[in-house]
Amino acid sequence: MASFAAMDKSLAAHWEKIYASKQPHEVSWTEAVPQHSLEMIAALKLPKEAHIADIGGGDSRLVDHLLQLGYTHITVVDISANAIERAKKRLGKKALAVHWVVSNVLDFVPDSPIDLWHDRATFHFLIDAAAVKKYLGKLDQFVRGYVIIAAFSTEGPDKCSGLPVQQYNEGSLCQLLQDHFSKIKCESALHLTPAQARQAFVYCGFKRV
């Protein structure tokens, strides 16, 4: 099995190529408004100074909405520097209010405890048991509040951008987090891609036990 370092380098090159060659309307994960995430975050009633980490945030527009809502401690983590630069360019001066981290999630070390760990469509790329275990260890070590994970459901795609993914349902996601987090809510969601394809997701929110 390849080392995490070797996999990290290969994955980074893959995503840098994607973001260097494709515009937002050409990739499946683009959401003009990340409605499901925003609704789940709103339900938590977090203080505006809460530390929110958007994992695999890339050039997602979630950060735009979080800034507009007044949140002041936002970290966006992505393996692709190109993705983050695209987001910074879009936000202009507002980007200065965000902490940007170019990193594989498995190597990410936050600057302070995390109140909300949000992950839309990163976790399902971890198909190796050791990688999943390391990810869950990050949650246990750094998250003091809430976790929101959105992943392809068992009715969703089995690949994305040429990479295999692990599909989940409510039961399998909850089982993975049950030692340290209790379920708040899980819901199914259909994402309509810019190409008008439908992708089935499962969104689950958890609270630290």
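Residues numbered from 1 in each chain as written. Predicted model: local features only at pLDDT ≥ 70, side-chain atom pairs only at ≥ 80, totals over all residues. Heavy atoms only, no water.

Peer 1: Sorry, what's going on with the pattern of salt bridges here?
Peer 2: Two side chains bearing opposite charge may form a pair once their charged atoms approach each other closely. Taken as a whole and judged by the stated rule, the model has 9 salt bridges. Among the ionic pairs, Arg-120 bridges to Glu-31, the shortest N-O distance being 3.2 Å. A residue pair is termed long-range when its members are at least 10 positions apart, and Arg-120 in strand 4 (residues 114-120) and Glu-31 in the loop between helix 1 (4-21) and helix 2 (35-44) qualify at 89 residues. In terms of burial, Arg-120 and Glu-31 fall into one category: buried. (Salt bridge = Lys/Arg side-chain N within 4 Å of Asp/Glu carboxyl O. Helix = DSSP H or I, 4+ residues; strand = E, 2+ residues; numbered from the N terminus. Buried < 20%, exposed > 50% of the residue type's maximum accessible area, 1.4 Å probe, protein only.)

Peer 1: Before we go on, may I ask you to explain the pairing of strand 1 (residues 51-55) in this structure?
Peer 2: Looking along a regular strand, one sees side chains alternate from face to face of the sheet. Across the 5 residues of strand 1, 5 count as buried, placing the element largely inside the fold. Side chains His-51, Ala-53 and Ile-55 project from strand 1 onto one buried face, and the interleaved Ile-52 and Asp-54 project onto a second face that is buried too. Note: strand 1 against strand 2 (residues 73-78), 5 bridges, orientation parallel. Note that in strand 2 the partner of His-51 across the bridge is His-73. For the crossover that starts at strand 1, traverses helix 3 (residues 62-68) and ends in the parallel strand 2, the hand is right-handed. As paired elements, strand 1 and strand 4 share 4 bridges and run parallel to each other. Across the sheet, residue Asp-54 finds its bridge partner in strand 4, namely His-118. (Pairing = 2+ DSSP bridges. Right-handed = clockwise from strand over helix to strand, strands pointing away.)

Peer 1: When you look at the confidence of the model for the chain in this model, what are you seeing that I'm missing?
Peer 2: In low-pLDDT regions, the fine details of the predicted coordinates are not to be read closely. In the predicted model, the chain carries a mean pLDDT of 93, and the fraction of residues at 70 or more is 95%. For the stretch residues 1-6, pLDDT sits under 50, and the model shows 6 contacts to residues farther than four places along the chain or on other chains. (pLDDT = per-residue confidence, 0-100. Contact = heavy atoms within 4.5 Å.)

Peer 1: Quick question: what am I supposed to make of the packing of aromatic side chains here?
Peer 2: Describing an aromatic ring pair means giving the distance of the ring centres and the angle of the ring planes. Under the counting rule described, the total for this entry stands at 7 aromatic pairs. For the ring pair Phe-123 and Tyr-135, a centre distance of 4.7 Å and an interplane angle of 45° mean the geometry is tilted. Separated by 12 residues along the polypeptide, Phe-123 in the loop between strand 4 and helix 5 (129-142) and Tyr-135 in helix 5 bring together distant segments of the chain. Across this residue pair, the class does not change: Phe-123 and Tyr-135 are buried. In textbook terms, an aromatic cluster arises when at least three aromatic residues are bridged by ring pairs, as seen for Phe-108, Trp-117, Phe-123, Tyr-135 and Tyr-168. The residue whose ring lies beneath Lys-48 is Tyr-71, and the NZ or CZ to ring-centre distance is 4.4 Å. (Phe/Tyr/Trp six-rings, centres within 6.5 Å; stacked < 30°, edge-to-face > 60°. Lys NZ or Arg CZ within 6 Å of the ring centre and 35° of its normal.)

Peer 1: I would appreciate a short explanation of unusual backbone geometry in the present structure.
Peer 2: Leaving glycine aside, a negative phi is the common case for residues, and trans is the common case for peptide bonds. Phi is positive for Lys-45, close to 55°, though the residue is something other than glycine. Along the polypeptide, Lys-45 turns up in the loop between helix 2 and strand 1. Of note, Ser-161 is a non-glycine position whose phi angle comes to about 55°, a positive value. Mapped onto the elements, Ser-161 comes out in the loop between strand 6 (159-160) and strand 7 (163-164). Relative accessible area serves as the criterion here: at 26%, Ser-161 is assigned to the partly exposed category.

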